[in-house]
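Below, each chain spelled out in residue letters.
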Amino acid sequence: MTIIGQDKLLQYINSHTLSTFPRTIMLEGDIGSGRHLIASYISEKFQIPQEDISECLSYEKIEEITLRVTPYLYIIDSDKLTVKNENVILKFLEEPLKNAYIILLCRNKYDVIETIRNRCQILSLNKYSNSCLKSFIDNTEDEGIILTICKTPGQIYKLQSHPIKDMLDLCIKIFDKIGAASFSNTLTLSNNIAFKSEKDKYDFDLFFKALLYIANIRVRNNENKSIQEYLLTSDYYNRTFIRNIDKKMLFENYLLALKNLRSSQ
């Protein structure tokens, strides 16, 4: 298993045996930074099976886990947690099981409540340098755009899974045409976006980054109402970090707000 750009983190993991490794880790890193890859590395190194319980976290699941006699590595995506889930995790952490190793994945450790955070050993993935990211780029002609939009290898892979020019052209079309579009046509734009894991559509987070990229270019080109467009896009992009946000509703609200802005010209 090859992991690039995380030497310090790997050195920490390799310094442990299974008996000395922390029972509960919070692994902090941006989307596509390799959090799941690191979890798999830990599972492979200590030869213990892993299970992602993010979607089935419940008191019943914890009771089931207590019956297991062999060590397991349990992965929980903190970005998907509800208040009820947080209470379940607290029980999990307050009464640690002998054969349970827990990895909480998060984008920002401060988005996780303090009572959970304080019970974890926090490990942060290093930010990737541009020189490191360049090794993941297939088409060097797109290098500048890719390095502006993407900050992790996983984001680069996702962005390159579709023609980048087509995505940017759609972003430009949205800014240019949305003011004159009908209400129904405006909302159909969301059909192009993957709000879950649809592989034939544009990744939600990366598409918003692409919109912000185009909005920034429009500001530099002094285009009409470009400052307001940029501020609006930036505001909605920041909302994408809200945990458990309804992505489809957020995107449609953004489109309607942008349409109102463009229509008022």
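The structure we're discussing is the one just above.
Residues numbered from 1 in each chain as written. Predicted model: local features only at pLDDT ≥ 70, side-chain atom pairs only at ≥ 80, totals over all residues. Heavy atoms only, no water.

Draft legend 1. Up close: the sheet that holds strand β1 (residues 24-28). Strand order across the open sheet formed by five strands is β2-β3-β4-β1-β5, with parallel pairing between neighbours. If you trace the sheet from one side to the other, it starts and ends with β2 (50-52) and β5 (121-124), each paired once. Averaged over neighbouring strand pairs, the angle between their axes works out to 25 degrees when direction is ignored. Relative to strand β3 (residues 72-77), β2 runs parallel, the two sharing three bridges. Note on β3: the bridge partner recorded for Asp52 is Ile75. (Pairing = 2+ DSSP bridges. Helix = DSSP H or I, 4+ residues; strand = E, 2+ residues; numbered from the N terminus. Axes fitted to C-alpha atoms, helices over the stretch in contact; angles between N-to-C directions.)

Draft legend 2. Representation of the nonpolar core within the structure. By size, the foremost hydrophobic cluster in this structure holds 42 residues, and its most contacted members are Ile174, Phe207, Leu211, Phe251 and Tyr254. Those elements that place two or more of their residues in this core are α6 (130-133), α7 (143-149), α8 (153-159), α9 (164-177), α11 (204-220), α12 (226-239) and α13 (247-263). Of the residues forming this core, the biggest block, 10 residues, is contributed by α11. Those residues in contact with Phe207 that lie beyond four places of it in its chain are Met167, Leu170, Cys171, Ile174, Ile193, Tyr202 and Phe251. (Core = buried A, V, L, I, M, F, W, Y, C linked by side-chain atoms within 4.5 Å. Buried < 20%, exposed > 50% of the residue type's maximum accessible area, 1.4 Å probe, protein only. Contact = heavy atoms within 4.5 Å.)

Draft legend 3. Representation of the packing of α11 against α12 within the structure. Closest axis-to-axis distance for the α11/α12 pair is 9 Å, and the angle between their directions is 160 degrees. Classified by the angle their axes make, α11 and α12 are roughly antiparallel. Crossing handedness for the pair α11 and α12: left-handed. Along the contact surface, α11 presents Asp205, Phe208, Lys209, Leu211, Leu212, Ala215, Asn216, Arg218 and Val219, while α12 presents Ser226, Ile227, Glu229, Tyr230, Thr233, Ser234, Tyr236 and Tyr237. Here the residues of the contact of α11 with α12 sort into nine nonpolar, four polar and four charged. (Parallel < 35°, antiparallel > 145°, perpendicular 65-115°, else oblique. Left-handed = near helix turned anticlockwise from the far one by under 90°. Nonpolar A, V, L, I, M, F, W, Y, C, P; charged D, E, K, R; others polar.)

Draft legend 4. Broad picture of α13. The terminal C-alpha atoms of α13, which comprises 17 residues, lie 24 Å apart, in line with the 24 Å expected from a rise of 1.5 Å per residue. Those residues of α13 not exposed but buried are Leu250, Phe251, Glu252, Tyr254, Leu255, Leu258, Lys259, Leu261 and Arg262. Looking at the buried residues of α13, the elements they touch are α9, α10 (183-188), β6 (193-194), α11 and α12. Put simply, Asp246 is the residue that caps the front of α13, since its side-chain oxygen is 3.3 Å from the backbone nitrogen of Lys248. (Expected span 1.5 Å × (residues − 1). Polar contact = N/O pair within 3.5 Å; in protein donor to acceptor, adjacent residues only side chain to side chain.)

Draft legend 5. Highlighting the pattern of salt bridges. Overall, the coordinates contain 16 salt bridges when judged by the stated rule. The shortest N-O distance in the salt bridge between Lys165 and Asp169 comes to 2.8 Å. Of this pair, Lys165 and Asp169 are both found in helix α9, four residues apart, which corresponds to roughly one turn of the helix. Overall, the relative accessible area of 34% leaves Asp169 in the partly exposed class. (Salt bridge = Lys/Arg side-chain N within 4 Å of Asp/Glu carboxyl O.)

Draft legend 6. Highlighting the environment of Asn238. On the secondary structure map, Asn238 appears in helix α12. Sequence separation between Asn238 and Phe251 is 13 residues; the distance between their C-alpha atoms is 12 Å.

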